[in-house]
Amino acid sequence: MSNEDNVELTDGFHVLMDTLKMNDIDTMYGVVGIPITNLARLWEQDGQKFYSFRHEQHAGYAASIAGYIQGDKPGVCLTVSAPGFLNGLTALAHATTNCFPMILMSGSSEREIVDLMQGDYEEMDQMNIARPHCKASFRINSIKDIPIGIARAIRTAVSGRPGGVYVDLPARLFGQTLSVEEAKQLIFKPVDVTPAQIPAADAIARAAEVIKNAKRPVVMLGKGAAMAKADAEVKAFIEQTGIPFLPMGMAKGLMPDTHPQSAAATRAFALAQCDVCILVGARLNWLMQHGKGKTWGNELKKFVQIDIQANEIDSNQPIAAPVVGDVKSCLSLLTEALKGAPKAPAEWTGALKEKVDTNKGKLATKMAAPVAPTGMNYSNSLGVLKEFMLKNPSINLVNEGANALDNTRMIVDMLEPRRRLDSGTWGVMGIGMGYCVAAATVTGDPVIAVEGDSAFGFSGMELETICRYNLPVTVIIMNNGGIYKGNEEDPGNGLVSCTRLIRGRYDQMMEAFGGKGYLVNTPEELKAALEEAVASKKPCLINAMIDPDAGVESGRIKSLNIVSKVGKK
Ligand code: FYN
Ligand code: ADP
Ligand code: MG
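Residues numbered from 1 in each chain as written. Chains lettered and ligands numbered in written order. Predicted model: local features only at pLDDT ≥ 70, side-chain atom pairs only at ≥ 80, totals over all residues. Heavy atoms only, no water.

**A few points about the side chain of Asp453**
Part 1 of the argument: Within the fold, Asp453 resides in helix α19 (residues 453-457).
Part 2 of the argument: Salt bridges are absent for the buried Asp453, whose nearest opposite-charge side chain, Arg503, sits at 6.9 Å.
Part 3 of the argument: Look past the residues within four positions of Asp453 in its chain and what remains in contact with it is Ile477, Met478, Asn479, Asn480, Gly481, Gly482, Leu501 and Tyr506. (Helix = DSSP H or I, 4+ residues; strand = E, 2+ residues; numbered from the N terminus. Buried < 20%, exposed > 50% of the residue type's maximum accessible area, 1.4 Å probe, protein only. Lys, Arg positive; Asp, Glu negative; His and termini not counted. Salt bridge = Lys/Arg side-chain N within 4 Å of Asp/Glu carboxyl O. Contact = heavy atoms within 4.5 Å.)

Take a look at the structure:
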């Protein structure tokens with residue numbers, strides 16, 4: 001395209017695409033429609049990847065976990081205006097809460113009409129609605145601002161504590177034009193968007209002192225450390241100091257669960273008995289009972305906390321030794337400072353080891369227990385997956401549900417970092433199929449999703465998306481026919497218990513879209529199906545029939561549930 005002076009022109013679509021490409025972004029997840037259909041179409045025609053979903057929330061979850069796996073590059077979700085934007089907003093808030101770098105870009109309607117509330121097509125003040133749910137919310141009004149706008153979005157998403165960023169793209173931006181020459185001068189790649197953040201020397205010295213004086217130290221690894229790809233630094237620190245470690249759910253595999261220093265199988269004992277806890281990219285939030293109460297024993301613990309976000313320190317408990325900086329820099333300096341220091345006391349590590357061995361033995365007995373006539377339970381079914389994952393560690397494991405989540409986290413060992421992708425900080429249901437699409441496309445490796453039958457329902461329609469792109473995803477439905485349990489008595493009057501679901505044929509749902517479905521009732525059938533499904537590298541769904549009585553209300557977080565003290569339960 002050129003103007004009357006024969007100057008070659010480009011437009012908003014192309015400047016945006018060229019800017020994203022300049023920033024090494026080659027993938028978007030989204031749902032097309034007015035006004036962004038042609039952006040997605042041109043993007044695909046340019047040889048870039050656009051994963052077209054059935055609902056924006058799942059595209060958003062895909063972008064959020066793509067950001068987590070990549071660490072230094074945000075996942076990008078593209079939606080239409082108003083309702084599409086709002087559907088994507090849940091995922092943007094999720095990314096921010098979980099500290100995942102993500103950009104939500106949404107088309108929006110005519111500013112003059114929106115601002116005067118004159119009733120435009122999909123009218124909504126999206127930029128301001130997004131603001132409380134992300135690190136920053138921007139609008140790009142002029143084609144010349146696209147490179148700066150995207151640079152600001154990327155740097156905000158990935159630097160410091162990562163999180164979500166919203167970019168509002170008014171429809172008319174796409175039609176604006178600019179000379180190709182000027183566009184070339186404006187498009188740039190921002191320098192060093194994830195700079196090292198070196199902790200202060202006195203912070204390192206203080207932390208080293210606390211660790212040297214510890215009698216019963218324990219390291220808590222969080223998903224911040226996994227996302228930072230501090231794999232080598234974590235290993236060096238743990239092995240040099242000999243300190244036992246515990247992983248939070250998504251940090252499993254950052255150090256292999258089979259490592260001799262893992263205290264995961266005696267978590268409660270380790271937290272209650274330790275005197276010093278070293279938090280590495282992990283927050284003292286609800287998942288850690290805020291660092292207080294029964295879980296943490298009677299004695300006040302001394303905490304060392306490594307975090308990139310200064311105001312995370314003392315958020316729940318006084319922190320004796322804060323180390324503010326990026327995990328890699330902090331751990332390598334701390335390891336250096338502790339060179340030559342004695343290893344963690346053998347009395348403590350020995351006591352933990354003994355408990356770990358006993359608890360592993362107890363779990364092994366449960367996993368080997370025979371199947372009741374009413375169906376498999378969580379232990380004897382997931383034992384099959386545990387064995388399979390040990391032999392095939394380079395598989396991404398997506399996991400959500402209540403009992404399906406808790407039991408998989410407990411039973412299935414992870415050997416590689418960033419392979420376990422679960423409900424995260426919100427304990428959210430619905431991440432399942434979106435995470436599967438992103439994990440398969442970002443890593444190129446197969447995915448297994450262990451889904452409670454209820455959790456699966458939130459994103460089940462995305463099976464069609466998985467089949468359309470022919471992704472190597474095997475979904476296992478832990479089908480007990482309900483939320484928590486599947487056998488709650490109905491209240492009468494023809495009504496159905498609020499926790500009950502149809503214990504249905506999810507395998508046939510997969511077959512409806514051309515994938516392969518399996519119905520399994522025993523651990524042997526599950527094993528055979530799992531091996532065949534993953535080897536096929538094609539979309540498969542295993543409907544694992546679980547005893548409707550298996551499972552407990554709210555899984556292992558029962559204490560958060562409120563029960564009425566009057567009337568019926
Ligand atoms: C762990 N354990 C094991 C093993 N690994 N025993 C034997 N062998 C092995 N390999 C033990 C461990 O010591 C714990 O027992 C128990 O199994 C559970 O381990 P986990 O998962 O590490 O510990 P816990 O207490 O469940 O973890 C706390 C948590 C976690 C809050 C961080 O529960 C979590 O991430 N929850 C998310 C819940 C959620 O989001 N739900 C979705 C909403 S459901 P003890 O040591 O005896 O405690 C809505 O209703
Ligand atoms: P988990 O749920 O595994 O405990 P959280 O999401 O609660 O993990 O905590 C992750 C923490 O890691 C956040 O406080 C975040 O600021 C921090 N973090 C993220 N990236 C880095 C990094 N590169 N260096 C240091 N800390 C980081
Ligand atoms: Mg269920």
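**Quick word on the site of ligand 2**
Part 1 of the argument: The environment of ligand 2 is made up of 21 residues, and the closest members are Arg161, Lys223, Arg283, Asp307 and Val327.
Part 2 of the argument: In this structure, an oxygen atom belonging to ligand 2 sits 2.8 Å away from a side-chain N or O atom of Arg161.
Part 3 of the argument: Between ligand 2 and the protein, one listed contact pairs a nitrogen atom with a backbone N or O atom of Val327 at 2.9 Å.
Part 4 of the argument: Taking 580 Å² as the accessible area of ligand 2 by itself, protein coverage stands at 95%.
Part 5 of the argument: A per-element tally of the shell around ligand 2 places helix α11 (residues 223-227) first, with three residues.
Part 6 of the argument: Residues that form the shell around ligand 2 fall into these classes: eight nonpolar, seven polar and six charged. (Near = heavy atom within 4 Å. Polar contact = N/O pair within 3.5 Å; in protein donor to acceptor, adjacent residues only side chain to side chain. Areas by Shrake-Rupley, 256 points an atom, 1.4 Å probe, with all protein chains shown as cover. Nonpolar A, V, L, I, M, F, W, Y, C, P; charged D, E, K, R; others polar.)

**Some words on the coordination of the magnesium ion (ligand 3)**
Part 1 of the argument: Only Asp453 (OD), Asn480 (OD1) and Gly482 (O) from the protein coordinate the magnesium ion (ligand 3), and they sit 2.1 to 2.2 Å from it.
Part 2 of the argument: Read in sequence order, the donor residues for the magnesium ion (ligand 3) give the motif D-x26-N-x1-G. Here Asn480 and Gly482 have matching classes, each one buried. (Donors = N, O, S within 2.8 Å, 3.2 Å for Na, K, Ca; no water.)

**Points about the UniProt feature "domain: Thiamine pyrophosphate enzyme TPP-binding" (unreviewed entry) in the protein**
Part 1 of the argument: Sequence positions flagged by UniProt for "domain: Thiamine pyrophosphate enzyme TPP-binding" (unreviewed entry) are, in local numbering, residues 412-543.
Part 2 of the argument: Note that residues 412-543 is 33% helix and 19% strand, and that its end C-alpha atoms are spaced 19 Å apart. (UniProt positions renumbered as here; feature names shortened; annotations may be inferred.)

**Observations regarding the packing of aromatic side chains**
Any pair of aromatic rings gets described here by the distance separating the centres and the angle formed by the planes.
Part 1 of the argument: According to the stated counting rule, one finds nine aromatic pairs in the structure shown.
Part 2 of the argument: A ring pair is formed by Tyr29 and Phe53, whose centres lie 6.4 Å apart and whose planes are at 65 degrees; its orientation type is edge-to-face. Here Tyr29 is found in strand β2 (residues 27-30), whereas its partner Phe53 is found in the loop between β3 (49-52) and α3 (56-70), with 24 residues between them in sequence.
Part 3 of the argument: Look at Tyr68 and Phe100: their rings are 5.1 Å apart centre to centre, the planes differ by 50 degrees, and that puts the pair in the tilted class. A residue pair is termed long-range when its members are at least 10 positions apart, and Tyr68 in helix α3 and Phe100 in the loop between α4 (83-98) and β5 (102-108) qualify at 32 residues.
Part 4 of the argument: Residue classification places Tyr68 among the buried positions, given a relative accessible area of 0%.
Part 5 of the argument: Note on Phe100: relative accessible area 0%, which makes it buried.
Part 6 of the argument: One aromatic cluster in this structure is built from Tyr29, Tyr51, Phe53 and Tyr469.
Part 7 of the argument: Sitting above the plane of the Phe269 ring, Lys355 keeps its charged end 4.7 Å from the centroid. (Phe/Tyr/Trp six-rings, centres within 6.5 Å; stacked < 30°, edge-to-face > 60°. Lys NZ or Arg CZ within 6 Å of the ring centre and 35° of its normal.)

**Considerations on the side chain of Ser109**
Part 1 of the argument: Assignment of secondary structure puts Ser109 in the loop between β5 and α5 (111-115).
Part 2 of the argument: From its side chain, Ser109 meets the backbone oxygen of Tyr121 in a polar contact 2.5 Å long.
Part 3 of the argument: Not counting the four nearest positions on each side in its chain, Ser109 is found in contact with Ser81, Val114, Asp120, Tyr121, Glu122 and Glu123.

**Here's the deal with the site of ligand 1**
Part 1 of the argument: Close to ligand 1 lie 23 residues; Ala268, Arg409, Met410, Tyr484 and Arg556 are nearest.
Part 2 of the argument: Between ligand 1 and Thr266 there is a distance of 3.4 Å, counted from an oxygen atom to a backbone nitrogen or oxygen.
Part 3 of the argument: For ligand 1, whose free accessible area comes to 990 Å², the fraction covered by protein is 82%.
Part 4 of the argument: When residues of the shell around ligand 1 are assigned to their parent elements, the largest contribution, four residues, is made by helix α17 (residues 403-411).
Part 5 of the argument: Its residues assigned to classes, the shell around ligand 1 shows 13 nonpolar, five polar and five charged.
Part 6 of the argument: Here the shell around ligand 1 gathers at least three residues from each of two domains, domain 2 (201-353) and domain 3 (368-545). (Domains from an automatic or database assignment.)

**Side note on the sheet that holds strand β6 (residues 136-139)**
Part 1 of the argument: Spatially, β3-β2-β4-β5-β7-β6 is the arrangement adopted by the six strands of the open sheet, whose pairing is parallel. Lying at the two open borders of the sheet, with one neighbouring strand each, are β3 and β6. On average, each strand axis in the sheet is inclined to that of its neighbour by 20 degrees, with strand direction left out of account.
Part 2 of the argument: As paired elements, β5 and strand β7 (residues 164-170) share seven bridges and run parallel to each other. (Pairing = 2+ DSSP bridges. Axes fitted to C-alpha atoms, helices over the stretch in contact; angles between N-to-C directions.)

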